[in-house]
There are 2 protein chains.
Amino acid sequence: MERSHPTDGLPARVLARRTIHTGRKFRFDALSLRTTDGEREICGIRHPGAVVLLPILDTQEGRCVVLIRNFRPLLGDHGKVIWELPAGTIEPGEPVEVTAHRELVEETGYRASHLAPLGRFYTTPGMTDEVMWAYAAYGLTHVGAKPEPDEFITVEQVPVSRALAMIDAGDLADAKSIVAILTAHRRGML
Amino acid sequence: MERSHPTDGLPARVLARRTIHTGRKFRFDALSLRTTDGEREICGIRHPGAVVLLPILDTQEGRCVVLIRNFRPLLGDHGKVIWELPAGTIEPGEPVEVTAHRELVEETGYRASHLAPLGRFYTTPGMTDEVMWAYAAYGLTHVGAKPEPDEFITVEQVPVSRALAMIDAGDLADAKSIVAILTAHRRGML
């Protein structure tokens, strides 16, 4: 009697994995696959997982979200500064909620009294195994940002209606941020 | 008088770019950056851009969306089959709407009579420059799928309420698909 194998029911089998490049935050791997048509290689980023935070703040202007303007060197020829929600990579052995609290303070200067899960998702499953956990962050106290030396971030409070208009206009055009904001909006949390 | 430079106002300058690996669909690059703290290297995927399609179909069961189950070799140790919307990479010189019509037929077997734009976004700006254009696809006629040899896809019609429940349950957990579905839902298109 044959024992079941983890690849039963899958249309291709991963034969081997080799690392092409190891960066600071992730690894770039090549996988050899055996399919019904033969063997082929595919490449992608092996990632430890990440969090995205939706910090919610009630102000005199009404309910706001905290957005960042973040420098992204990979975009365009010279890099671009884009609007995003705060986010960050899980450190080895770090519980996901610890990452969430840590990244919120590091990137925005706000400490949250509690987090509410907004789900988790694959960011780009054709390119990486990255899973991202999304949380709304409440009970915010400003304690001062602690950016890492390689981060170039400015922080802004934006009313919810403006954040939604920025998504519609394509000015807030970062997938993880759109997922978190539209999920919270649909659930009546914004 | 100094002339303006494209990097004016940016916190770091891209000094050089070298390609570490060239795959079939994208390239993996390392960039040398000069920042106020010195020089450092960051890596990421250079991507030609992509489309994601939200095919909308009125059936006897009510309004449905067409989802695929897609084998993703990079996920987990052996690859995983996950729910997604159809999507694909822009070929060199191809207009984006041509990619959208082509990928819809290739992956689902449906031809659309027209597309309605749902915006565009960066999929994972810390990892790649990929921009994804989202479209709702209407007026669908089944003409038969034409998967590429490296694609392992099955196609299903899912009622809108079920697709939203799958997002809430984490069963439809692909960021581009969530962005397209929640955007269309918020605009009253679903």
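Given the structure is predicted, the values throughout are model-derived calculations rather than measurements.

A. A look at the environment of T99(B). For T99(B), the location among the structural elements is in helix 1 (residues 96–108). Measuring from C-alpha to C-alpha, the distance between T99(B) and A50(B) comes to 8.0 Å, with 49 residues separating the pair along the chain.

B. Structural view of the interface of chain A and chain B. Opposite the 65 residues of chain A that make contact, chain B presents 65 residues. Overall, the association of chain A and chain B removes approximately 5900 Å² of surface from exposure, summing both partners, and the carbon and sulfur fraction of that is 67%. At the junction of chain A and chain B, the tally comes to six salt bridges. For the side of chain A that touches chain B, the secondary-structure elements that each account for two or more residues are strand 1 (12–22), strand 2 (27–35), strand 3 (38–46), strand 5 (62–72), strand 6 (80–84), strand 9 (114–122), helix 2 (160–169) and helix 3 (175–186) of chain A. In terms of residue count, the dominant contributor to the side of chain A that touches chain B is helix 3 of chain A (eight residues). A class-by-class count of the residues in the side of chain A that touches chain B yields 31 nonpolar, 15 polar and 19 charged.

C. Geometry of the side chain of T183(B). Counting through the fold element by element, T183(B) comes out in helix 3 (residues 175–186). On the basis of relative accessible area, T183(B) is assigned to the buried category, the value being 7%.

D. Geometry of the relation of the copies chain A and chain B. Rotating chain A by 180° and moving it 0.0 Å along the rotation axis overlays it on chain B with an RMSD of 0.0 Å. One copy is carried onto the other by what is essentially a two-fold rotation axis. Looking at the rotation axis and the C-alpha trace of chain A, the residue lying nearest is V179(A), at 2.8 Å. Comparing interface residues between copies, 100% of those in chain A also sit at the interface in chain B, which points to an isologous, same-surface contact.

E. Examining the pattern of salt bridges more closely. Scanning all chains against the criterion turns up 31 salt bridges over all chains. A salt bridge links E91(A) to R102(A), with the nearest nitrogen and oxygen atoms 3.9 Å apart. Residue E91(A) is located in the loop between strand 7 (87–89) and helix 1 (96–108), and its partner R102(A) is located in helix 1; the two are separated by 11 residues in the primary sequence. Judged by its relative accessible area of 40%, E91(A) is partly exposed. For K176(B), the salt bridge goes to E84(B), with nearest N and O atoms at 2.8 Å. Of this pair, K176(B) sits in helix 3 while E84(B) sits in strand 6 (residues 80–84); the two residues are 92 residues apart in sequence, bridging distant segments of the chain. Comparing K176(B) with E84(B) shows no difference in burial state: the two are buried. Salt bridges linked by common partners bring E91(A), E94(A), R102(A), E103(A) and E106(A) together as one network.

F. Layout of the environment of G76(B). Tracing the sequence through the fold places G76(B) in the loop between strand 5 (62–72) and strand 6. The residues touching G76(B), leaving out its near neighbours within four places in the chain, are R17(A) and R46(A).

G. Fine view of the sheet that holds strand 3 (residues 38–46) of chain B. Residue and element names in this part refer to chain B. Reading across the sheet, the three strands line up as 1-2-3 and stay open at both edges, with antiparallel pairing between neighbours. Since the sheet does not close on itself, it has two edges, and those belong to strand 1 (12–22) and strand 3, each with one partner. Ignoring which end each strand starts from, the neighbouring axes of this sheet average 20° apart. Sheet analysis places strand 1 next to strand 2 (residues 27–35), joined by nine bridges and oriented antiparallel. Of the residues in strand 2, the one forming a bridge with T19 is D29.

H. Molecular detail of the packing of aromatic side chains. Scanning the entire structure with this criterion turns up three aromatic pairs over all chains. Measuring from centroid to centroid gives 3.8 Å for F28(A) and F28(B), while their planes differ by 5°, and the two rings are stacked. Of the two residues, F28(A) sits in strand 2 while F28(B) sits in strand 2, which places them in two different chains. Neither F28(A) nor F28(B) differs from the other in exposure class; each is buried.

I. Highlighting the sheet that holds strand 3 of chain A. All names here are of chain A. Reading across the sheet, the three strands line up as 1-2-3 and stay open at both edges, with antiparallel pairing between neighbours. Either end of the sheet is taken by a strand with one partner, and the two such strands are strand 1 and strand 3. Along the sheet, successive strands turn relative to each other by an average axial angle of 20°, direction set aside. Examined bridge by bridge, strand 2 and strand 3 share nine bridges and lie antiparallel to one another. Within the sheet, the bridge partner assigned to R34 lies in strand 3 and is E39.

J. Examining the packing of helix 3 of chain A against helix 3 of chain B more closely. Between helix 3 of chain A and helix 3 of chain B, whose axes approach to 9 Å, the crossing angle comes to 45°. Between helix 3 of chain A and helix 3 of chain B, the interaxial angle falls into the category oblique. At the point where helix 3 of chain A passes helix 3 of chain B, the crossing takes the left-handed sense. Only A175(B), I178(B), V179(B), L182(B), T183(B), H185(B) and R186(B) of helix 3 of chain B make contact with helix 3 of chain A, whose side of the interface consists of A175(A), I178(A), V179(A), L182(A), T183(A), H185(A) and R186(A). Split by residue class, the contact of helix 3 of chain A with helix 3 of chain B holds eight nonpolar, four polar and two charged.

Conventions used here
Residues numbered from 1 in each chain as written. Chains lettered and ligands numbered in written order. Predicted model: local features only at pLDDT ≥ 70, side-chain atom pairs only at ≥ 80, totals over all residues. Heavy atoms only, no water. Helix = DSSP H or I, 4+ residues; strand = E, 2+ residues; numbered from the N terminus. Contact = heavy atoms within 4.5 Å. Buried area = accessible area lost by both parts, 1.4 Å probe. Salt bridge = Lys/Arg side-chain N within 4 Å of Asp/Glu carboxyl O. Nonpolar A, V, L, I, M, F, W, Y, C, P; charged D, E, K, R; others polar. Buried < 20%, exposed > 50% of the residue type's maximum accessible area, 1.4 Å probe, protein only. Least-squares fit on C-alpha atoms with pLDDT ≥ 70 in both. Pairing = 2+ DSSP bridges. Axes fitted to C-alpha atoms, helices over the stretch in contact; angles between N-to-C directions. Phe/Tyr/Trp six-rings, centres within 6.5 Å; stacked < 30°, edge-to-face > 60°. Parallel < 35°, antiparallel > 145°, perpendicular 65-115°, else oblique. Left-handed = near helix turned anticlockwise from the far one by under 90°.

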